[in-house]
Each structure stands twice: as C-alpha cells, then as structure tokens.
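This is what each chain is made of:
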Amino acid sequence: MSINLQTPIDYLKGVGPNRADLLKKELGIHTYQDLINLFPNRYLDRTQYYKIHQLQRNTAEVQVIGEIISIKEVAQSRSAGRGKRLVATFKDDTGIMELVWFRGHKWIRESLKLHKPYVVFGKVNWFQGVFSMPHPDMELLEEHQKHIRSAMQPIYPSTEKLTNKGISNRVIIKIMQQLFLETQGRFQETLSDKLISELKLLAKSEAVFNIHFPKNQALLARAQFRLKFEELFYIQLQLILKNLIHKSKIKGLPFTQVGTYFNTFYNEHLPFELTQAQKRVLKEIRQDLGSNAQMNRLLQGDVGSGKTIVAFMSMLMALDNGFQACLMAPTEILSVQHYNGLLELSNNLNISIKLLTGSSNTSERKGIHKSLENGELDILIGTHALLEDKVKFKHLGLAIIDEQHRFGVEQRSKLWHKGPATSSQNKTDLGVIPPHILVMTATPIPRTLAMSVYGDLDISVIDELPPGRQAIKTVHRYDKNRLKVFRFIRDEIEKGRQIYIVYPLIQESEKMDYKDLMDGYESIVRDFPPPKYQISIVHGKMKPADKDYEMQRFIKGETNIMVATTVIEVGVNVPNASVMIIESAERFGLSQLHQLRGRVGRGAEQSYCILMTSHKLSNDSKIRLDTMCSTNDGFEIAEVDLKLRGPGDLMGTQQSGVLNLKIADLIKDKDILQSARYYAKNVLQNDPTLKHPENKAILNTYQQLGKYKNIWNYIS
Ligand code: ADP
Ligand code: MG
C-alpha cells in the first residue's frame, strides 16, 4: 500500500528543489521520515481572536484579524543599528497597530496585500502607545478559514534562514499536511501489540497525527508519551544488545582464583575497614573477572569515596591469576599521587610497581619496557604515556583508567590491544585477548544519564563516604560582609587551621582575572600582615618551580593561607586545610564548585566552604549557590548541573551523540526512560534474537535503525 518513507523530501508536493535544499541544510530533513520526526517545539491555542484595543502589554502570543492600510520602509534609529525596517500599518474596527520586519524586506513587501483581511499572529511589543508585532505569522483570512483548525497549532523548530527565505511555520504546516495527505496518515506500527496494550499506548499512526495536529490536550499528551517512549525504548534496546553482544563476542581472561596477594592484603594489611559500598563494588568486579567475558565496568564515586583501594584490590586479583595490571591517570600529579598511594598500600606484599610519565627519562623507560615484557613488573602506573606502542606487556590482565571523562573512547580501545595474543583455538577479531577494563570517575554522572551514555559499560557506584567524615558546611556571603568572613578566617587560623582562597580564571577575561587575583592578594596581605601570617600565592602564570615551591610551603604548613586560581582544583591534599573561600563564586560552574569544595573536609576537623559573590546574581547563579549550600552530594549536584547546562555540555561532545534526542528529554522524561529500559530488557530476556512473531515490528524497526548489522551472528 504504502509510500516509502525513505522517499526524498523533494518529491513531496509543494516542496521542490529549492525548499528541499533549505530543509536539508537547515533542519536536516532529507526524507518523508525526517519530516514526520520534525516534532513541534510547542503548540498554540489559535481558537481565540483578539481586537487591537484588547491587546495587553505582556508576552503572550495573540491572534488579530485586520487589514494592512499602508506599508513603508523606515530608517532604523541609530541605537538599533544600521539598515531599515519594513513597517505595515494594520487596522481593525477598534484601532491600529504595526507589523514590523527587520529582514527579508523584498520578498515580504511583494507578498503583502493592501486592504485585504489578514489573520496575524505573534507577540506584541508596546512603544509610546502603539503596539507592534515583529515578524508576524500571517495569512489571508480567506486562506485561514479554509483550513480546518485543530484546537492547537504546532510551532516547529525553525532557523533565521528558513524564515528569511519564506519557509515560515505556516509553510511547514502546509508541507506537513501534504505529507499526511499523501501517506493517508497511515504509518507502520513500530512497537509490539503486547507493549501497546500493556502500556495503553496510542497506535503509531494516531500518535503521529496527534503530535502534529493534536485534537485536544489529552490526545497530545498521549501522543507525546508514546513517541518519547518509543525513542527511548530503541536507544535502550540498542545499548542493551550492544552489551550482550559484547559479552558473548569478546572473550575475557578468566581470573579463576582469589589468591595469596588478595587474601594476604585483605586479612593482614587492610589499612581500614572497607565501607559497605566498597565491598559491594569489589564483589561486582570479582564476578566480572571470574566470568568468561571481558569486564567493561564504570566505577563512579564522589571525590574521597575511596576508589583507589578498590582499584588496588582489583589489581591484586589480576596478579593472583598471573597477570599484570596498569593504572592510567590524566595528569602527572594524579599519576604520582596514585603511585605513592599504591606503593604504600603494597608495602608488605612484595609487588613491583613502576611509574611511567612524560618526564620519565630514557633509562627509566628502557628499564620499564624490559621488565614489562619479561613479566618482572607487576603494576605500571602512569599518564597516557602508557598508550605508546613501545609499552608492551607480557600478559596484561587488567587496565584501570582514572577520571574517565578526560579520556576518550579511543584511548580505552587502545588499551584493549595491549592484552596477550590469542592462541589459535581462541581467536578474536582483535588478535589479542583484551584486558579487563575498569574506568573510574569522580564526575558524578546521574544514573539516568549514565544509563544512556555508558549503556555499553556496566556501572558500579560507591555511594557512601568512609566513616567519620564531617559534612562540609557551606554558606553564601555577599562581598559587603567580607570583614566578618575575614574575622572567621582569623579565628580558624588561631585554631591552627589553613585556608584556601580561590579566584576564578576564565580565558576570555584573563587580564581582568589576574588583576582581581592580585588586588585580592594585596588586600588579604593588608588584613593578614606578616610576620604573624604567612601567605602562599599560586597561579597559572608562574614558573612550575615557583608554583611547586609555594604549594609545598602550604602543604608543609608553613603558610596559613593559599591564594590561588583554579590550578589547585586537582591533586592537592592538605588535610589541615579546613576553609575554602571561593571568590566570585557566581562565575564558577557547579561541578567546579563541588570539586573545589572537595579540597577541604579531608581531616578530622569541621570544614567550611564560603561562597563569596557580588549582589548582582543571575537566576542560574542563584540556583547554583543554593544547591551548593544545601547539599554535599555530588550526584544531586550533577543532576542540577545537568538541568542547567544540558547533557551534551556535561559529557563532552564525543559522547553526546547518543543524546541527540528528537522528542524525549533525559531529565524531564526520567520516568519514561526508566520504563523504556525496563521494557527493553524485558523484551530481550524473553526473546533475545527478536525472532518471535509478536516482536516482528520491533525487529523491523530495529533493523531499519541500520546500526550493528551483523549482530545476529553473535547473539543467536
Ligand atoms: P577517591 O575516590 O577520590 O579516589 P581515595 O581513594 O583517594 O578517594 O580515598 C580518599 C581517602 O579516603 C584516602 O585517604 C583513603 O585512604 C581514605 N579511605 C578510603 N576508603 C576508606 C575507608 N573505607 N575507611 C577509611 N578511610 C578510607
Ligand atoms: Mg582518586
């Protein structure tokens, strides 16, 4: 029967090559299918008509019937910039208003008709007693009355270029109507009958119709639900399948035993009792390592939650099974910190551990390369220097990556190839058996998001801090209360504590930022004069040696106050520092504020974080500050951050592709996402190959998605 939805959009009546070109370039619409998936941003109630004398000075959109009585071009006032605007005087039986265009004059002027009844629609501005409607959506009353209007009118996404070239919202609606005519509004069902009846979903055709031309609010809501569910369902289906395929396809190195290293450490050298969360996560990792599949696990845990010891104990499992392990961190400081930490933990275990970074010299490197290849070296720690081709392991069993968000998927896969070569009876596509992979991150990714983005990774979460940590008290103070804040600092120093004062540094306003920093530094020196008080200062323009010197003075406790830009964000550990003051806190993002705050609260003392701001605060800043003051929970903070900034930003571009959602919203539609994941799992549990007749629609749709074409070989 039906029209192939892959038909190029050019073939739709009323589109033609020029419009098709614009639709492709501006909205990515190439086919009928793409047009169907152009979902309205919002809907307008166009059943109401206003008289000009009824217009109000608000921002609601209104619909007015009247006639154009004159058109003129007017030079812009100087403050409004160069160019002219086109102004039409519009009149009904109660008054006059203006219609205004700032762009596309020629085309518009030619198309406007004088003394003909029009329906104009849009927001109105008010200036000196006259209402004006910029760039109105308009059509002749005669045309307007021809269309049977649904109660709500869709407003489609658009671009300036489309509007300028005459593809207004009304044109898109027309094109859409044409599409429904040609297809008779019949669209192939994409979900199974079972899902539709169980979830009481609208059928596909009905949902598609009501998303574009809702008959009423209730049907619109059901249409939205159905289409959001469908979108999220197929994303989850893909991710879950990918994971299943991965597990059956990628052979892992079986770690069959828990041996001497692990047991000795666990029974005799554990420096503290593990938290329940750490134990649970270790169990999850042990299960993965013992199975025949390669582990690909994400370990999430807030700063200070104790991921390092989990990493270390996982490495011991590798060693117990005759394998080597490595740990990669994004910066040299972090690598060194890990190296020292692991040396300490492995003190009595007779393990050989080495550090490899960009500053390792040639002879160190040579030694490391050799002992890696002959198997003398058990654990290698380092920066991405580990990824170099020269670094070859004898039998790498486990690779751990710290701070995953700074490494890309490519780097993860590079590590795969460092696994032992496969024997002929154990062939994989890679020619090697990849090591187990554990990626760790302190960037708390909300579960809902992690589920969608890292669907190919299994996820473990350490959601509990080691005991005895006191929650950091966070307050917001305005600049005018600085004296009180200084008094508080003095008291804390009196008690023997140390203080951080951090200034923002943003590339665009670097000069001003340094001025702020130096001004701040000077005023602090005035209030905390030597020799009674000692102050360190650290910023990015200093030589590394000077920076290090100043840091060391603070770390050793020789200075009371550390004035710094955000360079201290990563890597400093000074348990005696109990106060973090963040200047111009409104200029920092939430995750950065949270990371900075994590520099204190590392010792036994009550710690404080003081957010200093000026009086002028944007709404977003207020939300950020309130969030910081009300919670220490990194996950909660990440949720808010996600709401404020959107997911793409949070994850970096490489991973945001998955999140290119057409209708669903990961935050607002969290519940639908959860349900979609549940049903996707459920469907696959009962029918992993989607070969049951009842799942035919799902299989078809899935295959049309066109990805992972060869999967059926692996899972059947
Ligand atoms: P992160 O997750 O940020 O990497 P670390 O592994 O560096 O955290 O741990 C932070 C601090 O907490 C370290 O000093 C570590 O020794 C300590 N720690 C970790 N786990 C525990 C625990 N179960 N009990 C007490 N202290 C712990
Ligand atoms: Mg860490």
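As recorded in an unreviewed UniProt entry, the chain goes by the name ATP-dependent DNA helicase RecG, listed as coming from Xanthomarina gelatinilytica. You can read under Sequence similarities (unreviewed entry) in the UniProt record for the chain the words "Belongs to the helicase family. RecG subfamily."

Participant: Mind showing me how you'd approach the site of ligand 1 here?
Facilitator: Near ligand 1 you find 14 residues, and of these Glu273, Gly304, Lys307, Thr308 and Arg469 are the closest. Separating an oxygen atom of ligand 1 from a side-chain N or O atom of Lys307 is a distance of 2.8 Å. Interatomic distance of 2.8 Å between a side-chain N/O atom of Arg469 and an oxygen atom of ligand 1. Here ligand 1, which alone exposes 560 Å², has 68% of that area covered by the protein.

Participant: Help me understand the packing of aromatic side chains, please; the structure alone is not making it clear to me.
Facilitator: The way to describe two aromatic rings as a pair is by their centre distance and the angle between their planes. Across all of its chains, the model carries 16 aromatic pairs by this definition. Arranged with centres 4.9 Å apart and planes meeting at 85°, the rings of Phe488 and Tyr608 form a pair that is edge-to-face. Here Phe488, found in helix α17 (residues 482–494), pairs with Tyr608, found in strand β22 (residues 608–613); they are 120 residues apart in sequence, far enough to count as distant. Geometrically, the ring pair formed by Tyr500 and Phe554 is tilted, given 5.2 Å between the ring centres and 55° between the ring planes. Here Tyr500 is found in strand β18 (residues 498–502), whereas its partner Phe554 is found in helix α19 (residues 544–555), with 54 residues between them in sequence. Taken as a pair, Tyr500 and Phe554 share a single burial class, namely buried. Three or more aromatic residues link up through ring pairs in this structure, and these residues are Phe225, Phe229, Phe233, Tyr234, Tyr678 and Tyr679. Stacked on the ring of Phe528, the Lys or Arg Arg490 has its end atom at 4.9 Å from the ring centre.

Participant: Got a minute to help me understand the sheet that holds strand β3 (residues 84–92) in this structure?
Facilitator: Strand-to-strand pairing in sheets goes through backbone hydrogen bonds, with the strands running parallel or antiparallel. One open sheet holds the seven strands; their spatial order is β6-β7-β4-β3-β2-β5-β8, and the pairing between them is mixed. Bordering the open sheet on either side are β6 (125–127) and β8 (137–140), each of which pairs with just one other strand. Averaged over neighbouring strand pairs, the angle between their axes works out to 40° when direction is ignored. Across seven bridges, the pairing between β3 and strand β4 (residues 95–101) is antiparallel.

Participant: Is there a simple way to explain the pairing of strand β10 (residues 296–301) in this structure?
Facilitator: One face of the sheet, then the other: side chains in a regular strand alternate in exactly this way. For β10, the tally of buried residues reaches six of six residues, placing the bulk of the element in the interior. What you see with β10 is no split at all: Asn296, Leu298 and Gln300 on one side and Arg297, Leu299 and Gly301 on the other are buried throughout. Sheet topology note: the β10/strand β15 (residues 436–441) ladder contains five bridges and is parallel. Paired with Arg297 across the bridge in β15 is Leu438. Pairing analysis gives five bridges linking β10 to strand β16 (residues 458–462), with the strands arranged parallel.

Participant: For this particular structure, what's the right way to read the nonpolar core?
Facilitator: The nonpolar side chains of a soluble globular protein tend to be buried with one another. Judged by nonpolar contacts, the single largest core of 39 residues is most densely connected at Phe265, Val310, Met315, Leu316, Leu342, Ile379 and Ile400. The set of elements that each furnish at least two residues to this core consists of α10 (260–269), α11 (276–290), α12 (307–320), β11 (324–328), α13 (332–345), β13 (379–382), β14 (396–402) and β15. Looking at this core, the element that brings in the most residues is α12, giving 10 residues. With near-sequence residues (within four places) excluded, Ile400 lies in contact with Ala311, Met315, Cys326, Leu327, Met328, Leu438 and Met440.

Participant: Quick question: what am I supposed to make of the confidence of the model for the chain here?
Facilitator: Parts of the model with low pLDDT should not have their predicted coordinates read in detail. Scored by pLDDT, the chain has a mean of 85; 88% of the residues are at 70 or more. Of the regions scoring below 50 in pLDDT, residues 424–428 engages in five contacts with residues more than four places distant in sequence or in other chains. Below pLDDT 50 for its whole length, residues 648–658 participates in 19 contacts with residues either more than four positions away or in separate chains.

Participant: Honestly, the environment of Leu140 in this entry has me stumped. Any pointers?
Facilitator: Looking at the element boundaries, Leu140 is found in strand β8. On the accessibility criterion, Leu140 (18% relative accessible area) is buried. If near-sequence neighbours (up to four positions away) are discounted, Leu140 is found in contact with Lys113, Lys116, Pro117 and Tyr118.

Participant: I keep staring at unusual backbone geometry and nothing clicks. Help me out?
Facilitator: Negative phi characterises most residues that are not glycine, and trans characterises most peptide bonds. Of the consecutive residues Pro530 and Pro531, the connecting peptide bond is found in the cis state with omega at 0°. Within the secondary structure, Pro531 sits in the loop between α18 (510–527) and β19 (535–538). Its identity is not glycine, yet Gln184 carries a phi of approximately 55°, on the positive side. Along the chain, Gln184 turns up in the loop between α6 (169–183) and α7 (193–198). In this structure Gln184 comes out as exposed when scored by relative accessible area, which is 56%. Even without glycine at this site, Lys200 takes up a positive phi of about 50°. Given the relative accessible area of 66%, Lys200 is considered exposed.

Each value, and the rule that gives it
- Residues numbered from 1 in each chain as written.
- Chains lettered and ligands numbered in written order.
- Predicted model: local features only at pLDDT ≥ 70, side-chain atom pairs only at ≥ 80, totals over all residues.
- Heavy atoms only, no water.
- UniProt positions renumbered as here; feature names shortened; annotations may be inferred.
- Near = heavy atom within 4 Å.
- Polar contact = N/O pair within 3.5 Å; in protein donor to acceptor, adjacent residues only side chain to side chain.
- Areas by Shrake-Rupley, 256 points an atom, 1.4 Å probe, with all protein chains shown as cover.
- Phe/Tyr/Trp six-rings, centres within 6.5 Å; stacked < 30°, edge-to-face > 60°.
- Helix = DSSP H or I, 4+ residues; strand = E, 2+ residues; numbered from the N terminus.
- Buried < 20%, exposed > 50% of the residue type's maximum accessible area, 1.4 Å probe, protein only.
- Lys NZ or Arg CZ within 6 Å of the ring centre and 35° of its normal.
- Pairing = 2+ DSSP bridges.
- Axes fitted to C-alpha atoms, helices over the stretch in contact; angles between N-to-C directions.
- Core = buried A, V, L, I, M, F, W, Y, C linked by side-chain atoms within 4.5 Å.
- Contact = heavy atoms within 4.5 Å.
- pLDDT = per-residue confidence, 0-100.

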